[in-house]
Structure formats: C-alpha cells, structure tokens
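Chain and residue survey
Next come the chains, spelled out residue by residue.
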Amino acid sequence: MKPHANYIGGAWVPGPDAAENINPSDTRDVVGLYARASLEQAHDAVAAAAAAQPRWAASLPQQRADALDFIGREIEQRGPELADLLAREEGKPLAEARGEVQRAAHIFRFFAGEALRAGGELLPSTRAGLAVEITREPVGVVSLITPWNFPIAIPAWKIAPALAHGNAVVFKPAELVPGCAWALAEIISRAGLPAGAFNLVMGSGRALGPALIDDAQVAAVSFTGSEATGRQLAARAVARPGAMARVQLEMGGKNPLVVLDDADLDVAVACALNGAFFSTGQRCTASSRLVVTAGIHDRFVDALVARLQGLVLGDARKPGTTVGPVVDATQLQQDLKYIALARSEGAELAFGGQHHAELEGQPGHYLMPALFIHSTNTMRFNREEIFGPVAGVIRVADADEALAVANDTAYGLSAGVCTTSLKTAAHFKRQLQAGMVMVNAPTAGVDPHVPFGGRKASSHGPREQGRYAAEFYTVVKTAYVAA
Ligand code: UN1
C-alpha cells in the first residue's frame, strides 16, 4: 500500500513515515496508509500558505465562489463513495454518514455565496467632513485543527469560510480519520486555487503544534476537540512572541435534554434517542443528561428503553445498522470507565452497556448504548464529558428544578426542552445557559447556514458557520476619509 501524501504548496509530499487508518467496525480492515508530516513539513505548509495568501485574497469574489461551488458539487456527486469511506474509517452508520457528506456539500455551496456577499458599512462621523468606512479583510494564514467525530462536515465548516473570506489554510485533521480529509484535500487541489492557498498536513497535534500554533506566520487557529487540548492551544497562541494568534475553540458539552410532564412522549423519546445515542453518542452536542420531571419519568424511561431494544448495533456499513462501533480502543476504554463509574456512584443501568470485542465474527469496538436511571446531577458521570453512547436520566420534581439542573454544568453548548406549552418553551429558551436551545428537537444536529457554538467551558471565541463565521475569518478595518 502506498501512503496517501500530504498536500503542501500545491504538491503532494510524502511524509517521513505513515500510519494505518483502521476500520473500527472490523479492526482487520486497513482503510489505507496516510503520511504523517514532519514538523519541518508543517512549517513548509505555513510558509506556502503565507506566500499564497495575498494572491488568494486579491482574487475576484466570483473566483472564490466558483472554487467553493466546484468543491461542493463534487462532494455531492461523490456522496455515496465518500459516505462509505466515512462510515468505514469512523464507524458512523451509513445513513448518518450520507447526511454528513451532504451537509459538507451544502456548507461549501453556502460559502460560495458568502464569497460574493461580503460587504461593509458606512457610518456617519461625529465630525464634519469625515466619513467612516468599515470593511472586512482576511485574517491571513489560518490553521484548522479538526476532530474525528465529523470527518468531513467539521473540516468543511472551517475550510469553506476560511477560503471564502480570502484566507490561506493549513488543515490538520484528526489522526483517526485522515481518509475523508485526504479525499477532501484532493478535491480542493483541483478547484483552481493558487498553489499554497490550501495545504493538508496529517499527523498528531502534539508533533505539529509548534508549526500550526507557534509559527508567527499563522494569524488564527480554529480548533474543535477536547477542552484540555483547547485550553493548552489557547494558552500557546497568546504566549508566543510577537503577534498573538486569534483562536476559536469548540470543545466539550454535557448537554441537557429536559423532558417536562406536558411533553409529547413520542417526541421526547425520539429526541433522547437521537440526541444521546446516534453517532454512537460521539458528538459534542449529544444529550448526555436527560432531565425528566416526576410526572412523566416512568413512562419516559419505559418508552425509551423499548426504543433502545430496537437498536441494531453492528458494522457501520451494513444495511440496517443503527448504532456503529466506538471509534477506537482508547475511546472505548473511556466509555467503559464511565459506565463502571456510574455504577459505583449508585446509578442503575436500565439498558445496555455491554462491550462486544467482536460481532458476527468481526473484531471491532462494539458497545451497546448505556442508559442509566436514578442518577443525580452531582455524579461525576453526569458532570464530565464522556463522548460515547452513555446517558443518565436525572429525575426532578418540576420545571423549576429541571431548569436549575440543566444549567448546573460547566458546559453550555446545546440544551433541549420537550414541552407542549408555548409559555414554558419561551421561558426555557430564555433561561437555558447554552449557545443553542432546541425546543422539541434533539440537542444534536445543526444546519449548515446557522451560527454554531456554545457558552461557558464549551466554546471560546466567535461562532462558527453561516454569515457569523466572518467574525473569526475576517478582521475589521475602520477607515476615516476626509473629503
Ligand atoms: C451536530 O450536532 O450535528 O464535534 C454537530 C461536535 C460538534 C458538531 C456537532 N462540533 O460534535
């Protein structure tokens, strides 16, 4: 097998070594070999981006729009193939993988339009004879560091706005999912960008961080991943000598889904099932805390367990599978550790939690979604992000207690409420301390053109996606003109 190369300065560059990309549904299956860039190569990528950026920034908006549109259309045309690759390397069931690939295509096409919509503002001055003009300019070179759980959509929602707004990109995908990243880079390599405007370097953040974050030519870093890594990254970005790098961090979540007595039971159960367990619970927007009022609690738990019994755990690419494997052995160990912890903390396992080292003769990281009941909001498993198919039901007396429990968390990405009362929905919408509030809808699953981001320890910096992405990918210039 020949390793897939890095893409630096418009050329495919092999790394000093390469890593195997393993299928979590069948660990005997090697998806491919992917180069690991050296630190020097990552610096080369930053230098190439810095050299190309002025040209890309000076390109006509229509040229940027055409390039992004080309990328979006090709992703769409190759949807089934890319979804199969995604399911194979990450373990997301094929139907969900198809949705994610479609989302990536829509993101590129949305930002094709954004390239043309960029505008400014004219303000009157308080002084006579002056006009004030406000425009947005590209930030410069941006490092984009993405996680494994959305191998194509998250790269898309960082790369597309970065390019639309005239920045040059150094993209470093998570080590577990280089396949979709490489396929995306290959498409971008044919989109008509100047050499160096887009670069792909694969490998670990630890090894490449000194280039991606500390290199003075990097103007901004957008990162999605763990809170611990995010904090370190931000500290580094401001500690470096000279200009500090702008940072945008999307990190953990411990998202509550509140189910109130007056909720439509079917809606609430569907929201919980999707929010807590789809994508194997590996979403920062997952509803890992199910906060349920006493009057509906038992009916809700019974109905949710019944739905859980209908889930089909299996190979992500097999038709009929509704829950794929955990992404790798490390994540599996973390999930199992939290399942054991929940038990030791006194929560009761109402469903699942079994680990299968193989299914139908295939060795993989299979874990049956685990639902705990009789859990409290002070238990550690209800406070720390697990990033797996593990959720705790927290019984509360009434809506007031539900709101207090929902907000009693270090995080604030997404929060949901299931109720049939417009008045209660409005109250929760205002009072939930989260970047995104979902009423009678799952906490996970977002639109490509809508701002995405959280509060508290979940996020740092401006929102991603939609026209709000310009807050991060452009810098404002204020010009006073005396005429
Ligand atoms: C979604 O819920 O569809 O890493 C998107 C994550 C988030 C994206 C979630 N940044 O899970």
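Residues numbered from 1 in each chain as written. Predicted model: local features only at pLDDT ≥ 70, side-chain atom pairs only at ≥ 80, totals over all residues. Heavy atoms only, no water.

Here's the deal with the side chain of serine 459
Residue placement: serine 459 occurs in strand β23 (residues 459–460). Note on serine 459: relative accessible area 11%, which makes it buried. Side chain to side chain, serine 459 and glutamate 250 meet in a polar contact 2.7 Å long. There is a polar contact of 2.7 Å between the side chain of serine 459 and the backbone nitrogen of glycine 454. (Helix = DSSP H or I, 4+ residues; strand = E, 2+ residues; numbered from the N terminus. Buried < 20%, exposed > 50% of the residue type's maximum accessible area, 1.4 Å probe, protein only. Polar contact = N/O pair within 3.5 Å; in protein donor to acceptor, adjacent residues only side chain to side chain.)

Concerning the pairing of strand β10 (residues 218–224)
Within β10, six of the seven residues are buried, which leaves the element mostly enclosed by the surrounding structure. In terms of strand pairing, strand β7 (residues 141–145) meets β10 through five bridges, oriented parallel. Each residue of the ladder has a partner; that of isoleucine 145, found in β10, is phenylalanine 223. Relative to strand β11 (residues 246–250), β10 is paired through five bridges, and the arrangement is parallel. Residue serine 222 lies in a different strand from β11, and its bridge partner there is glutamine 248. A crossover connection joins β10 to the parallel β11 through helix α8 (residues 227–239); in handedness this β-α-β unit is right-handed. (Pairing = 2+ DSSP bridges. Right-handed = clockwise from strand over helix to strand, strands pointing away.)

With respect to the environment of aspartate 17
By the element assignment, aspartate 17 lies in strand β3 (residues 17–22). As a C-alpha pair, aspartate 17 and tyrosine 338 span 321 residues in sequence and 35 Å in three-dimensional space.

Considering the site of the ligand
Surveying the vicinity of the ligand reveals 13 residues, the closest of which are Arg103, Asn149, Cys284, Thr285 and Gly445. Here an oxygen atom of the ligand sits 2.9 Å away from a polar atom, N or O, in the side chain of asparagine 149. One of the backbone N or O atoms of cysteine 284 is found 2.6 Å from an oxygen atom in the ligand. Against a free-state accessible area of 320 Å², the protein chains account for coverage of 99% of the ligand. In terms of residue class, the shell around the ligand is made up of seven nonpolar, four polar and two charged. When residues of the shell around the ligand are assigned to domains, at least three map to each of domain 1 (6–251 + 458–482) and domain 2 (256–439). (Near = heavy atom within 4 Å. Areas by Shrake-Rupley, 256 points an atom, 1.4 Å probe, with all protein chains shown as cover. Nonpolar A, V, L, I, M, F, W, Y, C, P; charged D, E, K, R; others polar. Domains from an automatic or database assignment.)

Remarks on the sheet that holds strand β13 (residues 287–293)
The seven strands are arranged β14-β17-β18-β13-β12-β20-β21 in an open sheet whose pairing can be described as mixed. Where the open sheet ends on each side, the last strands, each with one partner, are β14 (348–351) and β21 (436–439). For this sheet the average axis-to-axis angle between neighbouring strands, irrespective of direction, equals 25 degrees. Of the pairings in the sheet, the one linking β13 to strand β18 (residues 390–396) comprises five bridges and is parallel in character. What sits directly across from leucine 290, in β18, is valine 393. Running at roughly 140 degrees to β13, helix α10 (residues 294–309) makes contact with β12 (255–259), β13, β14, β17 (370–375) and β18 of the sheet. (Axes fitted to C-alpha atoms, helices over the stretch in contact; angles between N-to-C directions. Contact = heavy atoms within 4.5 Å.)

Comments concerning the layout of surface pockets
When its volume is computed, the largest pocket comes out at roughly 1,200 Å³. Around the largest pocket sit 41 residues that line it, and Trp148, Phe223, Gly225, Ser226 and Thr229 are the ones nearest its centre. At the level of secondary structure, the elements contributing two or more residues to the lining of the largest pocket comprise α7 (205–212), β10, α8 and α11 (329–344). Tallying contributions element by element places α8 first for the lining of the largest pocket, with six residues. Partitioning the lining of the largest pocket into residue classes produces 17 nonpolar, 14 polar and ten charged. (1 Å grid on protein atoms, 1.4 Å probe; cavity = no way out; pocket = protein on both sides within 12 Å on 5 of 7 lines; lining within 4 Å. Points joined across faces, edges and corners; volume = space filled by probe spheres on them.)

Concerning the pattern of salt bridges
In total, this model carries 22 salt bridges according to the counting rule given. Ionic pairing is found between aspartate 29 and arginine 88, a salt bridge with its closest N-O pair at 2.8 Å. Note that aspartate 29 is positioned in the loop between β3 and β4 (30–36) and arginine 88 in helix α3 (residues 79–90), a separation of 59 residues in sequence. A salt bridge links arginine 190 to glutamate 186; its shortest N-O distance comes to 2.8 Å. Through salt bridges with shared partners, one network takes in Glu74, Arg78, Glu81, Glu186 and Arg190. (Salt bridge = Lys/Arg side-chain N within 4 Å of Asp/Glu carboxyl O.)

Comments concerning the sheet that holds strand β24 (residues 474–482)
On the basis of which strands lie adjacent, the open sheet formed by three strands has the order β5-β6-β24 and antiparallel pairing. Strands at the two margins of the open sheet, each flanked by one partner only, are β5 (121–124) and β24. Each neighbouring strand pair of the sheet contributes to a mean axis angle of 25 degrees, computed without reference to strand direction.

Some remarks on the domain arrangement of the chain
Taken as a whole, the chain is organised into domain 1 (6–251 + 458–482) and domain 2 (256–439). The C-alpha centroid of domain 2 is placed 31 Å from the C-alpha centroid of domain 1. Domain 1 puts 26 residues into the contact, and the matching count from domain 2 is 28 residues. Among the residues of domain 1 in contact with domain 2, Ser25, Trp148 and Ser458 are the three that bury the most area, contributing 24% of the side total. Remark: the boundary between domain 1 and domain 2 carries one salt bridge. A salt bridge links aspartate 84 to arginine 317; its shortest N-O distance comes to 3.0 Å. The interface formed by domain 1 and domain 2 contains twelve residue pairs in polar contact (both at pLDDT 80 or more). Broken down by secondary-structure element, the contributors of at least two residues to the side of domain 1 that touches domain 2 are α3 and α4 (94–117). Broken down by element, the residue count for the side of domain 1 that touches domain 2 peaks at four residues, all from α3. (Buried area = accessible area lost by both parts, 1.4 Å probe.)

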